[in-house]
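Fold and geometry: a report
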Amino acid sequence: MPIAIRVMTHSDIPFGVRFQEAAGWNQTRVDWERFLNLEPGGCFVAEIDGEVVGTIATCRLGDRCGWLSMLLVPPERRRLGIGSALFQRAVAYLEEQGVQSFKLDATPVGRTVYLQVGFQDEFTLQRREGIAPDARWRGVTRMTAEDLDPALELDRPLYGADRDRLLVRLFEEAERSDGSAYCGIYRDRHGRVEGYAMGRSGRRAAFIGPILARTEEAGLELFRWAVSRVAGKPVFVDVPLLNPTAVALADEVGFAIQRDFIR
């Protein structure tokens, strides 16, 4: 059966939603719309005999880094080479755009496959989940349009790549949402931006992140603020194991380990 790969369009979003719901993933239609908004030529579907049988999305962070995500094939269509065909097309797209390196998050099983095609382990993360407590925090205010530029200027050197487009999109979604998405900013006593936090709704749970901070104090307060915004609701947060402060915070609020994955 020949596999045809084509660019994904907004009319394909229901297929992506159906596939990710079957896989138990947390994304929503808003996430798919974000992928297509950020990379309209870099999201793909696979078809067999005109039937959509798989998806993949990419996202460029400047020309230094590209992300691969949302590789989904329904169970009844697996082991037919669909995932491999989608993966190869997505990598080719990023190469065509001049991206220097590619990243993805892999399960321990998937890691074996990606190591065979040249990927290397960077670090391990834990998906933590729990019911958000009504945490106490200080020093955080709602992010405004005026805060966005200093937040982006903080992010680039600390994160190591230019993810301005993604962060601007998340901010815009928060501004349009009914409160299910939110962005906060932390300033020191001199008014300098020391960190920011973002959160959004998911199909199964609210998702906290990204959170980036210059200082430990800023990171603590931003995490507690983000948790308090969804107090009483189920929450997911991805915690890098190389960040002991983040691990301690997840323990502090009682978030259990759901699974590990490797970046």
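Residues numbered from 1 in each chain as written. Predicted model: local features only at pLDDT ≥ 70, side-chain atom pairs only at ≥ 80, totals over all residues. Heavy atoms only, no water.

1. Re the overall build of the protein chain
Along its length, the protein chain carries eight helices and 12 strands. Against the compact-globule benchmark of 18 Å for 263 residues, the protein chain has a radius of gyration of 19 Å, which places it among compact chains. Residue burial in the protein chain is summarised as follows: out of 263 residues, 46% are buried. In the protein chain, once contacts between residues fewer than 6 apart in sequence are set aside, the share between residues at least 24 apart is 69%. Approximately 13,000 Å² of the protein chain is accessible, and the part contributed by carbon and sulfur atoms is 50%. (Helix = DSSP H or I, 4+ residues; strand = E, 2+ residues; numbered from the N terminus. Rg over C-alpha atoms; globule rule 2.2 N^0.38 Å. Buried < 20%, exposed > 50% of the residue type's maximum accessible area, 1.4 Å probe, protein only. Contact = heavy atoms within 4.5 Å. Areas by Shrake-Rupley, 256 points an atom, 1.4 Å probe, with all protein chains shown as cover.)

2. Let's talk about the pattern of salt bridges
Here the structure, examined in full by the defined rule, presents 26 salt bridges. Arg111 is paired through a salt bridge with Asp121; the nearest N and O atoms lie 2.7 Å apart. Of the two residues, Arg111 is situated in helix H4 (residues 108-116) and Asp121 in the loop between H4 and strand S6 (124-131); the sequence distance between them amounts to 10 residues. Overall, Asp121 belongs to the partly exposed group, its relative accessible area being 41%. The residue Glu175 makes a salt bridge to Arg142 at a minimum N-O spacing of 3.1 Å. Within this pair, whereas Glu175 is found in helix H6 (residues 164-176), its partner Arg142 is found in strand S7 (residues 140-142), the two being separated by 33 residues in sequence. Three or more residues are tied together by salt bridges with common partners; here these are Asp31, Arg34, Arg169, Glu173 and Arg200. (Salt bridge = Lys/Arg side-chain N within 4 Å of Asp/Glu carboxyl O.)

3. Topic: the packing of aromatic side chains
One pass over the full model with this rule turns up six aromatic pairs. Relative to Phe119, the ring of Phe87 lies with its centre 6.0 Å away and its plane at 50 degrees, an arrangement referred to as tilted. Separated by 32 residues along the polypeptide, Phe87 in helix H3 (residues 82-96) and Phe119 in the loop between H4 and S6 bring together distant segments of the chain. Given a relative accessible area of 13%, Phe87 falls into the buried group. Members of the aromatic cluster, each reached through a chain of ring pairs, are Phe87, Tyr114 and Phe119. (Phe/Tyr/Trp six-rings, centres within 6.5 Å; stacked < 30°, edge-to-face > 60°.)

4. Section: the packing of helix H5 (residues 145-159) against H6
One way to put it is that H5 packs onto H6 with a least axis distance of 10 Å and a crossing angle of 150 degrees. As H5 packs across H6, the resulting crossing turns out to be right-handed. Of the residues in H6, those touching H5 at Ala145, Leu148, Leu152, Asp155 and Arg156 are Asp164, Leu167, Val168 and Phe171. Broken down by class, the residue content of the contact of H5 with H6 amounts to six nonpolar, no polar and three charged. (Axes fitted to C-alpha atoms, helices over the stretch in contact; angles between N-to-C directions. Left-handed = near helix turned anticlockwise from the far one by under 90°. Nonpolar A, V, L, I, M, F, W, Y, C, P; charged D, E, K, R; others polar.)

5. A word on the sheet that holds strand S5 (residues 101-103)
Read across the sheet, five strands follow the order S1-S2-S3-S4-S5 without closing on themselves; strand pairing throughout is mixed. Each of the sheet's edge strands pairs with one partner strand only, and the pair in question is strand S1 (4-7) and S5. Going from strand to strand, the sheet's axes swing by 25 degrees on average, the running direction of each strand aside. Summarising the sheet, strand S3 (residues 51-61) and strand S4 (residues 65-72) pair through six bridges and their orientation is antiparallel. Paired with Leu61 across the two strands is Cys65, which belongs to S4. (Pairing = 2+ DSSP bridges.)

6. What about H5?
Between its first and last C-alpha atoms H5 spans 21 Å; for 15 residues at 1.5 Å apiece the expected length is 21 Å, and the two agree. Asp147, Leu148, Ala151, Leu152, Leu154 and Asp155 are the residues of H5 that are buried. Buried residues in H5 make contact with S7, H6, strand S8 (182-187), strand S9 (193-200) and strand S10 (206-213). Note on H5: the residue one or two positions beyond its end, Gly160, has a positive phi of about 95 degrees. (Expected span 1.5 Å × (residues − 1).)

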